[in-house]
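Observations on chain architecture
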Amino acid sequence: MKTPKRCKHYLAALFSVVLLFAYVLPAKSAAQLFTHNLKLGSEDAEVFLLQQYLNQHGFIVASSGIGSTGNESDFFGTKTKLALIRFQNVHAAEILSPLGLFSGTGNFFKATRDFVNRTLVQNTAKVPTIISGAHHQSGSNSKIVPTIILNDIAKTYGDAPFALSASSDSDGAIIYESSDDGVATISGSTVTIVGPGTATITASQAASQSFALGSKAAILTVAGQAPTIAFDDLVEYWSGTPFAVTLAPTSDSSGDFSFLSSDPSVASISGSSCTVQGIGVTTITANQAANGVYGEGAKAANINVYSDPCSPDPCQNGGACNRFPDSYTCSCPDGFVGLNCDQAGLACGDLVCIHSDSCGDDGVSCACQPCFIGPTCSDFDVMNCA
């Protein structure tokens, strides 16, 4: 059966119209819209899409590893929540203000979901695409990706609050957030240090007339406060037998101490015990572990070991030997004098009184016994006692 000529013309015209619409009409958006709520702890395929969306729009979930660009996952963890809070804060007028909120919640609920879906449908924000070194976003409303500079920061616990000052070629408003309020909190652009540790400081910049959204992360490292350690030098005397000495550094930190000897042949260390092994000098380093707000610390002290001048004991007649690095003295009992307490007598000032029971009233002369005379009572009184 032949097709009438008029029908042939009609079919040709219809086919032309179909082709025209196929080329002229825009294709339906291929963006996948979000359909349900997501929050911390969620495991869902849409978490993967949410992480992609955040990473592509400058709200980086993670700079490396799981959650980073190309490594998105279906688990809604802390990093996803923090990135979403930054996104909500930048778009506070559209997401938070209608709900009477002043800060992002990190929950991907209806208000945030609807806003994201609108951006996907309207195709107003697309994946940042770097072309020939130029910072532009693809899409009909192309905007320049801002270059934000925010350097890593090193501080010590106890340092005063300080101001953040990220720089950018965009004039969009910048807000700052800390990933760990136990390390540092942020009010406006002022950072207050709370404790030792590491936190990620993120500067999120709102879009402007010419620039797209942007963000830059920097690492804040807060070292513990240096402890104040006191550790005194020791003087010991070697008599041929190893003996233990007590190491007693003090500190305003309660961190544990460990010790190291520069010369174990002079003094050796075992755990927290120190044993003198011979004559010489060794440096003992007391290393203190970090604890609480205090970081690690160290303090060195010397142990000087001399030959024992009181071994064997040179003092006689019950005298007590007093050690010094290069000498000794004897503390003599009553009735004996001399370097080694080897002379019977009484010391009165610089005099050794031989026949005397006491010193004179001036304390430096001899009060002689009967029949003895002379400065030291050493001469027999022949005239009166013979």
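Attention here is on the structure that accompanies the text.

Conventions adopted
Residues numbered from 1 in each chain as written. Predicted model: local features only at pLDDT ≥ 70, side-chain atom pairs only at ≥ 80, totals over all residues. Heavy atoms only, no water. Core = buried A, V, L, I, M, F, W, Y, C linked by side-chain atoms within 4.5 Å. Buried < 20%, exposed > 50% of the residue type's maximum accessible area, 1.4 Å probe, protein only. Helix = DSSP H or I, 4+ residues; strand = E, 2+ residues; numbered from the N terminus. Contact = heavy atoms within 4.5 Å. Axes fitted to C-alpha atoms, helices over the stretch in contact; angles between N-to-C directions. Parallel < 35°, antiparallel > 145°, perpendicular 65-115°, else oblique. Nonpolar A, V, L, I, M, F, W, Y, C, P; charged D, E, K, R; others polar. Disulfide = S-S within 2.5 Å. Pairing = 2+ DSSP bridges. Salt bridge = Lys/Arg side-chain N within 4 Å of Asp/Glu carboxyl O. Phe/Tyr/Trp six-rings, centres within 6.5 Å; stacked < 30°, edge-to-face > 60°. Lys NZ or Arg CZ within 6 Å of the ring centre and 35° of its normal. Left-handed = near helix turned anticlockwise from the far one by under 90°.

What follows covers the nonpolar core. Grouped together as the largest cluster of nonpolar side chains are 21 residues, with contacts concentrated most on Leu50, Leu54, Phe76, Phe87, Phe108 and Val116. Of all the elements in the fold, those that place two or more residues in this core are α2 (45–56), α3 (78–90) and α5 (110–122). Discounting residues that sit within four places of it in the chain, Leu54 has contacts with Phe59, Ile60, Val61, Thr80, Ala83, Leu84 and Phe87. Listed in part, the 17 residues of the second largest apolar core include Ile153, Leu164, Ile193 and Ile201.

Let us now look at the packing of α3 against α5. Where α3 contacts α5, the axes come no closer than 12 Å and their chain directions differ by 75 degrees. Judged by the angle between their axes, α3 and α5 are roughly perpendicular. Each of Leu84, Phe87 and Gln88 in α3 lies in contact with α5, whose residues at this interface are Thr112, Phe115 and Val116. For the contact of α3 with α5, the per-class residue count stands at 4 nonpolar, 2 polar and no charged.

Glancing now at unusual backbone geometry. The omega torsion across Ser311 and Pro312 is 0 degrees, close enough to zero to call that bond cis. Mapped onto the secondary structure, Pro312 falls in the loop between β20 (297–307) and β21 (320–324). In this structure, Asn317 takes a positive phi of about 55 degrees despite not being glycine. Within the secondary structure layout, Asn317 lies in the loop between β20 and β21. Exposure remark for Asn317: the relative accessible area of 39% places this residue in the partly exposed category. Phi at Cys341 takes a positive value of approximately 60 degrees, unusual for a residue other than glycine. Within the fold, Cys341 resides in the loop between β23 (336–337) and β24 (343–344).

Here the focus is the state of the cysteines. Simply put, the disulfide is a covalent bond whose two ends are the sulfur atoms of two cysteines. Counted by the stated rule, this structure contains 7 disulfides. Note on cysteine connectivity: Cys310 is disulfide-linked to Cys321, with sulfurs 1.8 Å apart. Here the disulfide of Cys310 and Cys321 is left-handed, its torsion about the S-S bond being about -75 degrees. Separated by 11 residues along the polypeptide, Cys310 in the loop between β20 and β21 and Cys321 in strand β21 bring together distant segments of the chain. Across the pair, exposure class does not vary: Cys310 and Cys321 are buried alike.

Strand order in the open sheet made by the 4 strands is β4-β11-β10-β7, with mixed pairing throughout. The sheet terminates laterally at β4 (153–156) and β7 (174–178), the two strands that pair on one side only. Taking each pair of neighbouring strands and ignoring which way they run, the sheet shows an average axis angle of 25 degrees. Sheet strands in contact with α3 are β7 and β10 (197–205), and its direction is about 155 degrees off that of β7.

Attention shifts here to the pattern of salt bridges. If you walk through the whole model with that rule in mind, you get 2 salt bridges. Note that Lys110 is salt-bridged to Asp114, the shortest N-O span being 2.7 Å. Of this pair, Lys110 and Asp114 both sit in helix α5, 4 residues apart, which is roughly one turn of the helix. In this structure, Asp308 and Arg323 form a salt bridge, with 2.7 Å as the shortest nitrogen-oxygen distance. Of the two residues, Asp308 is situated in the loop between β20 and β21 and Arg323 in strand β21; the sequence distance between them amounts to 15 residues. Classification of Asp308 as buried rests on a relative accessible area of 8%. Residue Arg323 is classed as partly exposed on the basis of its relative accessible area, which comes to 39%.

This part covers the packing of aromatic side chains. For the structure on display, the rule yields 8 aromatic pairs. A connected cluster of aromatic rings, assembled from ring pairs, spans Tyr53, Phe59, Phe87 and Phe115. When the ring centre of Phe162 is taken as reference, the NZ or CZ atom of Lys155 above it lies at 4.6 Å.

Turning our eyes to something else, we now look at the packing of α2 against α3. Running from amino to carboxyl end, α2 crosses α3 at an angle of 50 degrees, the nearest separation of the two axes being 11 Å. The angle between α2 and α3 places the two elements in the oblique class. As α2 packs across α3, the resulting crossing turns out to be left-handed. Side by side, α2 and α3 meet where Leu50, Gln51, Tyr53 and Leu54 of the first sit next to Thr80, Ala83, Leu84 and Phe87 of the second. Here the residues of the contact of α2 with α3 sort into 6 nonpolar, 2 polar and no charged.

Structurally, the position occupied by Ser239 is in the loop between β13 (234–238) and β14 (243–245). Exposure remark for Ser239: the relative accessible area of 43% places this residue in the partly exposed category. In sequence terms Ser239 and Gly278 are 39 residues apart; their C-alpha atoms lie 8.7 Å from each other. With residues near it in sequence (within four places) discarded, Ser239 still touches Asp308 and Ser311.

On to the sheet that holds strand β18 (residues 273–276), then. Strand pairing within a sheet occurs via backbone hydrogen bonds; the two strands may be parallel or antiparallel. If you walk across this open sheet you meet the 3 strands as β14-β18-β17, and the pairing is antiparallel. In this open sheet, the two strands that pair with only one neighbour each are β14 and β17 (267–270). Strand-to-strand twist across the sheet, computed as the mean angle between neighbouring axes with direction ignored, equals 35 degrees. Bridging between β17 and β18 involves 4 bridges; their strand directions are antiparallel. Across the sheet, residue Ser270 finds its bridge partner in β18, namely Ser273.

Geometric descriptors of this kind do not, in isolation, establish any biological role.
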